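In case you want the letters, here they are:
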Amino acid sequence: MNVQFRDRAEPASPVAVKTAIADCDIHPARATKTELYPYLAKRWHEHLETYDKHQYQGMMEGPPYPKAQPNASRRDAYPPEGGPQGSSLSFMQAQHLDPNNVRLGVLNPLATGQGIRNHDLSAAICSAINDWQIEKWTSKDRRLKGSVVVGNEDGLTAAREIRKRAGDRNFVQVLLLSRNVEPLGQRRYWPIYEAAEEAGLPIGVHAFGFGGNPITASGWPSFYIEEMVGHSQCQQTALASIVLEGVFERHKKLKMVMIEAGFGWAPSLAWRLDKCWQRLKSEVPHVKRPPSEYIGEHVYWTTQPMEDPERRDHLIDVIEWVGWDKLLFATDYPHWDYDDPSRVLPAGVSDANREAFYLNNALKLYGLA
Amino acid sequence: MTSPIAGGVDCDLHPAVPHLTSLLPYLNDYWRDQVTTRGMTDLVSQSYPANSPIASRPDWRPAKGKPGSRLEDLQAQAVDRFGVRYGICNPLYGVQMVFSEDMADAFCRALNDWLVKEWLDRDVRLRGSIVIPVQSVEKSVAEIERCARDTRFVQVLMLVMGDMPLGKRAYWPIYAAAERLGLPIGIHAGSNYHNPPTSVGWGSYHIEDYVAQAQAFQTQLTSLIVEGVFARHPNLKMVMLESGFTWLPSYLWRLHKFWRGIRMETPWVDRAPLEIVRSNIRFSLQPIDAPPDPATLNRLFEHMQSDELLLFSTDYPHWQFDGDAVLPEGMSADLVRKIMVDNPHATYSRLSQPAETMP
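This is a predicted model, so every value here is computed, not measured.

(A) Local environment of the overall build of chain B. Tallying secondary structure elements over chain B gives 11 helices and 8 strands in all. What you see for chain B is a C-alpha radius of gyration of 19 Å, in line with the 21 Å of a compact globule of 359 residues. Along the first, second and third principal axes, the C-alpha atoms of chain B reach 55 × 45 × 45 Å. For chain B, with 359 residues in total, the buried portion stands at 55%. In chain B, once contacts between residues fewer than 6 apart in sequence are set aside, the share between residues at least 24 apart is 82%.

Shown next as structure tokens:
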């Protein structure tokens, strides 16, 4: 985890990491509020000026739980030319991509059209974000690849956006968030999975999102830390829903990446699902195999924020239970809880596992090997 | 198979209320009239449909009536069978689901009185949990104080999914009363269904609700710790019942990491979450969401870094294990003794007190 006032050379020393890495969770930002306007129809400019986004939450500006830092981002990540952290390609290159030897950087834009109650606006902003990713990022730096963002609550329109981007090598996945109006296995989202499988794109499920549901099954908690820790529980539940609704049974080639919600929970969730399925499978006859098998064949996890046990051998146990071939390294640049690639793995890991973890799993999954 | 030892404590038994009409003798005239005049139905929770396979082990299912509704069955199938010295009864009757605090209060009082009369008075090994009308903190405290005079009540029972996160300050008078009276707070799987049963909305299936219990325990632990319940009440014990526990180590690693990163938000949390769990939180043994091989489970016990966290339970009559395999394979004799005897006694101080019944 990045500590705000740690005494460190800036930018990070280029010798910190010698081998190339894939960073599977980078958050590009807009430098100005109107940066998307060139990609949006005129009617939406006026709409946004008048009504703004109308999300599944109360706050017009900012998140309901104030972040720990401005924009939840590193204070040292403000670009010299101005604008919020993550909004400048040249500074991202200088501060992160070059010194950390990032060979593949997967962009996961967060402030998109997802979670907007007006589904037409949601779809328009998502499509604009996709154009913007090409124009501002992926066409300017070939190391960067985009994620197709879609208006998540309207499955049919979302599927059209995916088909529109199919075959475009600027994109390597479809991006959803874990918190939606309903659990992610529900039927309203099925067209998204169908189109993604057809396009050969994995679905990335990033922590966060707005669906109007309290982030616990007992209502709204008080603190930002509860939201941050709670993302892991949201992802567990979303994944359970996806498995128990039979999404992987129907879409045998679909891959899914759980992003920024930890991976340490995965073994226990799979054991629990298997145990419950043994007892209750008559309720879900469309789930034909033990849930752990679907999870093992279809699901990947990004690593940041790395689980951080007191004893490092416990971390290695859990990685072995999840599978060295299932983890995709990520930094979460430019966010404050950034994982430094030179620090996340303990000593004693074999070269093959280290390379799989930092680079090869991602290249293989995203078809770039 | 690891064999249970005699003289243990079964910390999670579920005696079932046969029907709402079974509580009529314990209601006053007004509520008796309300139940009958309004044609109120049995309060069965969605969390445990009576015929669901997890609601009862097949060989524990009675020919008629609800699983767990007969004392003789509970004795033969659990208390005698595993040779326990004490069995703690946690009734899961759906009294928490009602929305009126007055009605919930009347039903909780009746349920607690029913437990005394029909179960605790009939087997000296049985102990009880006080079910409270969480809709009203004031009424909950009054019910705790009323029942606590009977020392056979050894804990206060709440559900893991309710109206508000359990750490919220509004609930603290309940915790103060429990700490004062030497009662742990037992938090049991189940929902009052006043909120969707998952943090991402309503799923389609019963199995989803049940799987989601584990995630609900995780969010409640976060709430209890970061709101500062254990800074205010350092002697309060809480027991997670039917929670599973294999999720605990990795959950704590995450919570600990974020606590270190943003502890400025909750400065009253004066100890690391790991330490708070080790001193104040316990977990019932069943269900074990176990890995397929015993070696992995033993690694997990090591990840827990304490042999004081688990309390023996059968979760009777729920179907969590078969035959006598209530303890997982490969458990050391020392750990068996801790889980079955030492840990429950250290948690439930009232087990060591003479049983005094209500005046």
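(B) Quick look at helix H2 (residues 89-97) of chain A. Residues and elements named next belong to chain A. Residues of H2 that are buried include every one of Phe91, Met92, Gln95, His96 and Leu97, and no others. For H2, the angular spread of buried residues about the axis comes to 160 degrees, placing them on one side. Residues of H2 that are buried make contact with strand E2 (102-107).

(C) Fine view of the packing of helix H3 (residues 119-138) of chain A against helix H4 (residues 155-165) of chain A. Residues and elements named next belong to chain A. In the contact formed by H3 and H4, the axes pass within 10 Å of each other and the chain directions differ by 15 degrees. Considering the angle they form, H3 stands roughly parallel to H4. Handedness of the H3/H4 crossing: right-handed. Here His119, Ala123, Cys126, Ser127 and Asn130 of H3 lie close against H4, whose contacting residues are Thr157, Glu161 and Arg165. Residue composition of the contact of H3 with H4, by class: 2 nonpolar, 4 polar and 2 charged.

(D) Region of interest: the environment of Asn235(B). All names here are of chain B. Summarising the element assignment, Asn235 is placed in the loop between helix H7 (229-232) and strand E6 (238-241). Assessed through the 12 C-beta atoms surrounding it within 10 Å, Asn235 is described here as exposed. Sequence separation between Asn235 and Ser279 is 44 residues; the distance between their C-alpha atoms is 8.7 Å.

(E) Quick peek at the sheet that holds E2(A). Residues and elements named next belong to chain A. Taken together, 8 strands build an open sheet; the order of strands is E1-E2-E3-E4-E5-E6-E7-E8 and the sheet is parallel. Two strands bound the open sheet, and with one partner strand each, they are strand E1 (21-26) and strand E8 (327-328). As paired strands, strand E7 (residues 299-302) and E8 are joined by 2 bridges and run parallel to one another. Bridge pairing in E8 links Thr302 to Leu328.

(F) Seen up close, the sheet that holds strand E4 (residues 153-161) of chain B. Residues and elements named next belong to chain B. One open sheet accounts for 8 strands, arranged E1-E2-E3-E4-E5-E6-E7-E8; its pairing is parallel. Strands at the two margins of the open sheet, each flanked by one partner only, are strand E1 (9-13) and strand E8 (310-311). Here strand E3 (residues 126-131) runs beside E4; their pairing, made up of 4 bridges, is parallel. Residue pairing for E4: Ser129 is matched across the bridge by Gln155.

(G) Highlighting the interface of chain A and chain B. Each side of the interface is counted separately: chain A has 58 residues, and chain B has 61 residues. Counting only elements with at least two residues in the side of chain A that touches chain B, the list comes to helix H6 (224-244), helix H8 (266-280) and helix H10 (312-322) of chain A. The dominant element in the side of chain A that touches chain B, judged by the number of residues it contributes, is H6(A), at 15 residues. Taken together, the residues of the side of chain A that touches chain B break down into 28 nonpolar, 18 polar and 12 charged.

(H) Region of the structure containing the packing of H8(A) against helix H9 (residues 291-298) of chain A. Residue and element names in this part refer to chain A. Packing of H8 against H9 brings their axes to within 7 Å, and their N-to-C directions diverge by 145 degrees. Facing Ala270, Leu273, Asp274 and Trp277 of H8, the residues of H9 in contact are Pro291, Ser292 and Ile295. Residues of the contact of H8 with H9, tallied by class, amount to 5 nonpolar, 1 polar and 1 charged.

(I) Highlighting unusual backbone geometry. Here Gln286(B) and Pro287(B) are connected by a cis peptide whose omega angle stands at 5 degrees. With respect to the helices and strands, the residue Pro287(B) is situated in the loop between strand E7 (281-284) and helix H10 (294-304). For the bond from Tyr316(B) to Pro317(B), the omega torsion is 0 degrees, close enough to zero to count as cis. Mapping Pro317(B) onto the fold places it in the loop between E8 and helix H11 (333-347). At His54(A), a residue that is not glycine, the phi angle is positive and equals roughly 50 degrees. Positionally, His54(A) belongs in the loop between helix H1 (42-51) and H2.

(J) Inspection of the environment of Ala142(B) at higher detail. Position of Ala142(B) among the secondary structure elements: in helix H4 (residues 137-148). Taking the C-alpha atoms as reference points, Ala142(B) and Ile132(B), 10 residues apart in sequence, are found 9.2 Å from one another.

(K) Local environment of the pairing of E2(A). All names here are of chain A. Within E2, 5 of the 6 residues are buried, which leaves it mostly tucked inside the rest of the structure. Where E1 meets E2, 4 bridges bridge the pair, whose relative direction is parallel. Counterpart to Ile21 in the pairing with E2 is Val102.

Cut-offs and rules
Residues numbered from 1 in each chain as written. Chains lettered and ligands numbered in written order. Predicted model: local features only at pLDDT ≥ 70, side-chain atom pairs only at ≥ 80, totals over all residues. Helix = DSSP H or I, 4+ residues; strand = E, 2+ residues; numbered from the N terminus. Rg over C-alpha atoms; globule rule 2.2 N^0.38 Å. Buried ≥ 20, exposed ≤ 12 C-beta atoms within 10 Å, placed from the backbone. Contact = placed C-beta atoms within 7 Å. Arc of directions from axis to C-beta. Axes fitted to C-alpha atoms, helices over the stretch in contact; angles between N-to-C directions. Parallel < 35°, antiparallel > 145°, perpendicular 65-115°, else oblique. Left-handed = near helix turned anticlockwise from the far one by under 90°. Nonpolar A, V, L, I, M, F, W, Y, C, P; charged D, E, K, R; others polar. Pairing = 2+ DSSP bridges.

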